[in-house]
Each structure stands twice: as C-alpha cells, then as structure tokens.
Amino acid sequence: MQPFEYVTPENAAEASTILATGSARPYLGGTDLLIRMRGGFLQPQRVVELKNLPGMSEIVETQEGGLVIGAGCTMNQIAADPRVRERYDLLAQACRLVASDQVRRRATIGGNCCNASPAADSAPALYCLDAEAQMCGPKGQRRIPIEAFFIGPGKTALRSGEFLTNLHLPPSPLGAVGVFNKLGSTKIGDISIASVAVYAWPGANRWRWRIALGAVGPTPLRAPAAETILAGDTSLTALTAAVDAAVATARPIDDIRSGAAYRRAMVGVLAQRGIEAVMAQAGIGE
C-alpha cells in the first residue's frame, strides 16, 4: 500500500473542500477502501475520515415518524436498532446478511451505497422503502431518491466534493411486511449472486407492493410490472405472473461468480419465496 495522508476534518464544509481537491477518497468503515488500496486498485493521496462528523453515525427520528440513518452507521448497528427492527425490518434483514459479523461491525450503510455495487445488499431494501439519499458538497445539501443515486456499476450521483451524509426513510405504513432473500456461493458472508426484496402494505382498497432486485443489472432494479400485477390480484395465477414479470425485469450478466441464465432463474425462485412469505405473514388471500 502506498503512503497516504489520513485527514480528519472538523466539519462537513472542510470535508467537502478536501474531497474536491486532489486525489482524495472518503473513509467510513474502510472494509472495501482499504482492500482496494492494498491491492493497488486505488491510490489516493488523502483518505478523509467522515464517520466522526456530526450525525454521521446516528439514527434519528423525524417529526413525521420516519428515520434518518447516518451514512456512517454500521450494518450491525442498523440491524440491532429497535426502531429499524420494528418499523423497517426489511432493511434490518438485509443488513444482517451483509458479509460476516466481523465485517458488519465495521461496514457502513453509506459505504455499501457509495461503492455502487449492483450486489449491495442494503440497496433493494432501500428501494422498496422509498429511501432518499442526502448529500453534502461545496454547494450545500441536496437530497434525491435512492433510485437516482445509483447510476451504474461503481458510479453514483455524487458530484465533485460531495459525500453521502444520511439516508431518509419515510414513515412506515401501518401493517407493512417485508422479506429479503439473498443467494450467494456460500451460505454465510458471500457477495450476492442474486437478491430480491419484497415489501407490501395495506392500502385503502388493495395491498400495495414494492419488489426490488439486486446483483442482476447494472444497478439495483425495481420490478414495477410485478408490483402492479400483485396490487390488482393475489391469486396463484397472479403470483406466477408477478414472478415472471420480476424475472423479465432482471438484466444479469455472466461473470466470475455466476452465469446470467442461472441468475435469471434464481430471481424467479427468490421472488416467489419472498412474495409467498409476505402473503403468509400478512394474511393475504386467507
């Protein structure tokens, strides 16, 4: 690993200024950054510590009843938080399946998002929960939907000097149920070959659905056609059609971890398991 300067800014403005000048990389948990630096894939002149900035490692209630999760919050911290477990259990499930316990003690949700890996475990859950990403940069604060944050493999909407500060979750609908299923080459601690998040809540006259896919496209993907099918009908025929629609949404590739055909098939398996589990927990169709 080549030498670098470790910088600890005192506030967000200073951090933005440093990140906008020269070869600098933000540092939160470091579980990905340090590995890439050691391998020579990244060679920043400066590593900018962000985790100790105000609010970066906190989970805070909003006046509306939602949550603001700091980008520096670890996966274990989020998964164990009683407010997340009670109202956003889908996200807690996803965080619990990130890598190993040792990694989850350091890995942050901000890092998981900012790496912009299509296989990021937290992303499908955040998509389903209609999360918003808040960023800080030289021009101040801005907030965008999480789906607009992911641009492509390894690419985010962050501009020069910007860094992710937190994720905003809107109030959880009453009666909402979510299930996150992930497939890796090994049972524990592996990168996703495919993942599917399923989320549903009762509306005025029908159930409303969110389905999001991971590791089967250049970014995480929503499956709106599958959601629409289930919103109108929850029969066995509709379930089958929704699974087919989710599979059709996937845009997998062949890589070292899996073939595209296998990934596509596993989307169907994981989507069906997730939809059936949500229906069972919510008592839909009984």
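Keep in mind it's a predicted model, so treat the numbers as computed, not measured.

Engineer: Explain the pairing of strand E10 (residues 163-169) to me, please; I cannot follow it from the model alone.
Structural biologist: Each regular strand displays side chains that alternate between the two surfaces of the sheet. Counting buried positions along E10 gives seven out of seven residues, so the element sits mostly inside the fold. As judged from the four bridges shared by strand E5 (residues 67-70) and E10, these two strands associate in the antiparallel manner. Looking at the pairing, Val68 lines up with His168 of E10. In the sheet, strand E6 (residues 132-137) pairs with E10 via five bridges, with the strands oriented antiparallel. Among the inter-strand pairings, Met135 is bridged to a residue of E10, identified as Leu164.

Engineer: What should I look at first to understand the sheet that holds strand E4 (residues 59-61) in this one?
Structural biologist: Through backbone hydrogen bonds, the strands of a sheet pair up, either in parallel or in antiparallel fashion. Strands sit in the order E4-E5-E10-E6-E7 across an open sheet of five strands; the sheet is antiparallel. Bordering the open sheet on either side are E4 and strand E7 (140-145), each of which pairs with just one other strand. Neighbour to neighbour, the strand axes of the sheet diverge by 25° on average, direction disregarded. As paired elements, E4 and E5 share three bridges and run antiparallel to each other. Following the sheet pairing, Val60 is matched in E5 by Val68. Packed onto the sheet, helix H1 (residues 12-19) meets E6 and E10 and runs at close to 125° relative to E10.

Engineer: Which parts of the structure should I look at to understand the sheet that holds strand E12 (residues 192-202)?
Structural biologist: Judged by pairing direction, the sheet is antiparallel, and its four strands sit side by side in the order E11-E12-E13-E14 without closing on themselves. Of all strands in the sheet, those bounded by a partner on one side alone are strand E11 (177-184) and strand E14 (221-222). Relative to strand E13 (residues 207-214), E12 runs antiparallel, the two sharing eight bridges. Paired with Val198 across the strands is Ile211, a residue of E13. In the packing of helix H10 (residues 224-232) onto the sheet, the strands contacted are E13 and E14, and the crossing angle to E13 comes to about 155°.

Engineer: What should I look at first to understand helix H11 (residues 236-249) in this one?
Structural biologist: Helical periodicity: at 3.6 residues per turn, an α-helix aligns residues three or four positions apart in one direction. With 14 residues, H11 should reach 20 Å at 1.5 Å per residue; the first-to-last C-alpha distance of 20 Å fits that figure. Those residues of H11 lying buried are Ala238, Leu239, Ala242, Val243, Ala245, Ala246, Val247 and Thr249. In this structure, the buried residues of H11 make contact with E13, E14, H10 and helix H12 (260-282).

Engineer: Even after reading the chapter, I still don't get the side chain of Asn166, so can you show me in this structure?
Structural biologist: Structurally, the position occupied by Asn166 is in strand E10. Engagement of the side chain of Asn166 in a polar contact is seen with the side chain of His168, the distance being 3.1 Å. With near-sequence residues (within four places) excluded, Asn166 lies in contact with Val68, Ile69, Gly70, Ala71, Glu132, Ala133 and Gln134.

Engineer: Mind showing me how you'd approach the environment of Val7 here?
Structural biologist: Considering the arrangement of structural elements, one finds Val7 in strand E1 (residues 5-7). It is 36 Å that separates the C-alpha atoms of Val7 and Pro171, two residues lying 164 residues apart in sequence. Here Val7 is in contact with Ile18, Arg46, Val47, Val48 and Glu49, once residues within four sequence places are set aside.

Rules used throughout
- Residues numbered from 1 in each chain as written.
- Predicted model: local features only at pLDDT ≥ 70, side-chain atom pairs only at ≥ 80, totals over all residues.
- Heavy atoms only, no water.
- Buried < 20%, exposed > 50% of the residue type's maximum accessible area, 1.4 Å probe, protein only.
- Helix = DSSP H or I, 4+ residues; strand = E, 2+ residues; numbered from the N terminus.
- Pairing = 2+ DSSP bridges.
- Axes fitted to C-alpha atoms, helices over the stretch in contact; angles between N-to-C directions.
- Contact = heavy atoms within 4.5 Å.
- Expected span 1.5 Å × (residues − 1).
- Polar contact = N/O pair within 3.5 Å; in protein donor to acceptor, adjacent residues only side chain to side chain.

From the geometry alone we can't say anything about function, so treat these as descriptive.
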